[in-house]
Amino acid sequence: MKIFLLTHERELSRPSNTGVLAQSIAPEIVERIIWARNTPNPALLSAINNKNTVLLYPTDDTDAEPIESFENIILLDATWQEARKIFNKSPYLKSLPRTHIKPRQISQYQLRRNQPEGGLCTAECVVEILIAKNHLDIAERLDAAFMLFNSKL
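What counts and how
Residues numbered from 1 in each chain as written. Predicted model: local features only at pLDDT ≥ 70, side-chain atom pairs only at ≥ 80, totals over all residues. Heavy atoms only, no water. Phe/Tyr/Trp six-rings, centres within 6.5 Å; stacked < 30°, edge-to-face > 60°. Helix = DSSP H or I, 4+ residues; strand = E, 2+ residues; numbered from the N terminus. Buried < 20%, exposed > 50% of the residue type's maximum accessible area, 1.4 Å probe, protein only. 1 Å grid on protein atoms, 1.4 Å probe; cavity = no way out; pocket = protein on both sides within 12 Å on 5 of 7 lines; lining within 4 Å. Points joined across faces, edges and corners; volume = space filled by probe spheres on them. Nonpolar A, V, L, I, M, F, W, Y, C, P; charged D, E, K, R; others polar. Polar contact = N/O pair within 3.5 Å; in protein donor to acceptor, adjacent residues only side chain to side chain. Contact = heavy atoms within 4.5 Å. Core = buried A, V, L, I, M, F, W, Y, C linked by side-chain atoms within 4.5 Å. Pairing = 2+ DSSP bridges.

K.L.:
With reference to specific residues and values, describe the packing of aromatic side chains.
P.N.:
With the rule as written, the count across this model stands at 2 aromatic pairs. Geometrically, the ring pair formed by Tyr57 and Phe87 is stacked, given 4.4 Å between the ring centres and 15° between the ring planes. Taken together, the positions of Tyr57 in the loop between β3 (53-56) and β4 (72-77) and Phe87 in helix α3 (residues 80-88) put the pair 30 residues apart, joining distant regions of the chain. There is no split in this pair, since Tyr57 and Phe87 are both buried. Look at Tyr109 and Phe146: their rings are 6.3 Å apart centre to centre, the planes differ by 35°, and that puts the pair in the tilted class. Of the two residues, Tyr109 sits in the loop between β5 (98-99) and α5 (122-132) while Phe146 sits in helix α6 (residues 136-151), which places them 37 residues apart along the sequence. Its relative accessible area of 14% is what places Tyr109 among the buried residues. Taking relative accessible area as the criterion, Phe146 reaches 1% and is therefore assigned buried.

K.L.:
Can you tell me about empty space enclosed by the protein, naming the residues and giving the values?
P.N.:
A complete count under the given rule lists 1 cavity of 30 Å³ or more for this structure. In this structure, the largest cavity occupies an estimated 90 Å³ of space. Around the largest cavity sit Pro103, Arg104, Gln105, Ile106, Gln108, Leu120, Glu124, Val127, Glu128, Asp143, Phe146 and Met147, which together line it. Classifying every residue of the lining of the largest cavity by side-chain character gives 6 nonpolar, 2 polar and 4 charged.

K.L.:
Explain the environment of Arg32 to me, and be specific about the residues and the numbers.
P.N.:
Assignment of secondary structure puts Arg32 in strand β2 (residues 30-34). Sequence spacing of Arg32 and Gly19 is 13 residues, and the spatial spacing of their C-alpha atoms is 7.8 Å. In terms of polar contacts, Arg32 uses its side chain to reach the side chain of Asn17, at 2.6 Å. A polar contact of 3.2 Å, which involves the side chain of Arg32, links it to the side chain of Asp77.

K.L.:
I'd like a rundown of the side chain of Asn72, residues and numbers included.
P.N.:
For Asn72, the location among the structural elements is in strand β4. Side-chain polar atoms of Asn72 contact the side chain of Thr53, separated by 3.4 Å. In this structure, Asn72 is in contact with Lys2, Phe4, Ala47, Asn52, Thr53 and Val54, ignoring residues within four places of it in sequence.

K.L.:
Summarise the environment of Tyr57; cite the residues concerned and give the values.
P.N.:
Note on Tyr57: relative accessible area 11%, which makes it buried. Along the chain, Tyr57 and Ser16 lie 41 residues apart, while their C-alpha atoms are 21 Å from each other. Discounting residues that sit within four places of it in the chain, Tyr57 has contacts with Leu76, Ala83, Arg84, Phe87, Arg98, Thr99 and His100.

K.L.:
With reference to specific residues and values, describe the nonpolar core.
P.N.:
Judged by nonpolar contacts, the single largest core of 29 residues is most densely connected at Ile3, Ile29, Val30, Leu56, Val126, Leu130 and Leu142. Counting only elements with at least two residues in this core, the list comes to β1 (2-7), α1 (19-25), β3, β4, α5 and α6. Among the elements that make up this core, the one with the highest residue count is α5 (6 residues). If we skip the residues at most four places from it in the chain, Ile29 touches Met1, Lys2, Ile3, Leu130, His135 and Ile138. Judged by nonpolar contacts, the second largest core, of 18 residues, contains Leu44, Ile86, Leu93 and Leu96.

K.L.:
Residue-level account of the pairing of β4, with values.
P.N.:
Of all 6 residues that make up β4, 6 are buried, and the element is covered over most of its length. Side chains of β4 alternate between two faces, with Asn72, Ile74 and Leu76 and Ile73, Leu75 and Asp77 buried alike. Across 6 bridges, the pairing between β1 and β4 is parallel. Its bridge partner lying in β4, Leu6 is registered against Leu76. In this sheet, β4 lies alongside β3 in parallel orientation, the contact comprising 4 bridges. Bridge pairing in β4 links Leu56 to Leu75.

Have a look at this one:
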């Protein structure tokens, strides 16, 4: 299993970015790819072309694919506004099947403002993905690391 964090370049300088936390806890699963509008990452395109990749992005319940059915998950690592930009300007993402998660709890992230109801930060999304894919030990480690990270914001 691979979780690709398609990361907006602005996230690289944000000390509040939780994608880097997810990658540090699960480097064998979480791979960070910097989004480039005109030059998509070859490894990401290869995963997409293998037809075993799903995009975690809001969709209607009737259109959502079960996350457990896919080996690779793409998660947009950005603010919601930046994530919409990435999605809208990346035709290769629009052709992917989409899924969403049903969070076990509301977001605990301290810096959330003007975010959609039910939205989670990147680390919280990765925890939910890991649980759905039965990687419970890594999910627990990431959740604990996120709670510590979050308490220092």
